[in-house]
Amino acid sequence: MDEAKDSITSIQVNGHEILAGSIDGKIRRYDLRTGALHSDIIGSAVTCTRFSKDGQCILVSTHDSTIRLLDKSSGELLGEYQGHRNRNYTIECSLNKDDDHVISGSDDGYVYVWDLIESNIKYKLAIDPGRPVHSVATHPEKNLLLTASRSKIFVYSTEDVELPAGDDS
């Protein structure tokens with residue numbers, strides 16, 4: 001698996017598939033059963049790739065401050081999510097446990113949460129303003145969000161904390 005022309009920034013395994021994103025602006029999906037390689041050109045440096053829980057969609061974060069939701073089979077663009085900043089760091093994205101919200105860190109120190117269908121920002125959480133929030137992870141079954149900025153990990157639970165209203169600015 002040496003097709004990437006620049007650094008690999010993200011890897012995820014889902015059953016028999018490996019999903020990889022690269023600074024070369026492509027995502028690659030390797031099928032371990034058949035040995036097939038499926039590649040999509042995104043155009044901007046990829047910082048994070050994630051499968052949806054059902055494995056039918058791929059979430060891709062890029063250095064043009066856009067997160068894209070793609071159909072895994074056809075590569076069709078299903079949604080775009082903007083409003084955060086992703087220009088200088090390897091910023092991660094994720095889907096929540098129900099696959100109905102897109103979550104991303106940002107260069108500006110916030111975590112952004114978008115409605116998957118409407119593509120609008122539902123929440124903008126101040127984590128470490130002025131410092132990049134580079135990592136985000138969600139629990140597969142509970143409403144838990146983990147984020148990282150600098151040397152700190154932050155844990156949030158929507159069961160314990162009422163999230164602030166969204167900021168569409």
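Definitions and limits used
Residues numbered from 1 in each chain as written. Predicted model: local features only at pLDDT ≥ 70, side-chain atom pairs only at ≥ 80, totals over all residues. Heavy atoms only, no water. Buried < 20%, exposed > 50% of the residue type's maximum accessible area, 1.4 Å probe, protein only. Helix = DSSP H or I, 4+ residues; strand = E, 2+ residues; numbered from the N terminus. Pairing = 2+ DSSP bridges. Axes fitted to C-alpha atoms, helices over the stretch in contact; angles between N-to-C directions.

### Points about the pairing of strand β3 (residues 26-31)
Regular strands have side chains that alternate between both faces of the sheet. Within β3, 5 of the 6 residues are buried, which leaves the element mostly enclosed by the surrounding structure. Relative to β3, strand β2 (residues 17-22) runs antiparallel, the two being bridged by 5 bridges. Paired with A20 across the strands is R28, a residue of β3. Looking at chain direction, β3 and strand β4 (residues 37-41) are connected through 5 bridges and run antiparallel. Bridge assignment links I27 to a residue of β4, and that residue is D40. The turn linking β3 back onto β4 is made up of 5 residues, and G35 within it adopts a positive phi angle of 80 degrees.

### Brief notes about the pairing of strand β8 (residues 77-81)
Where strand β7 (residues 66-71) and β8 come together, 4 bridges link them in antiparallel fashion. Within β8, the residue paired with R68 across the bridge is E80. The hairpin formed by β7 and β8 contains 5 residues between the paired strands, and G75 there has a positive phi angle of roughly 80 degrees.

### Regarding the sheet that holds strand β9 (residues 93-95)
Here 4 strands make up an open sheet; going across it, the order is β9-β10-β11-β12 and the pairing antiparallel. Since the sheet does not close on itself, it has two edges, and those belong to β9 and β12 (121-126), each with one partner. With strand direction ignored, the average angle separating the axes of adjacent strands in the sheet is 20 degrees. Pairing analysis gives 5 bridges linking strand β11 (residues 110-115) to β12, with the strands arranged antiparallel. Of the residues in β12, the one forming a bridge with W114 is I121.

Scope: geometric values only; no functional claims are made or implied.
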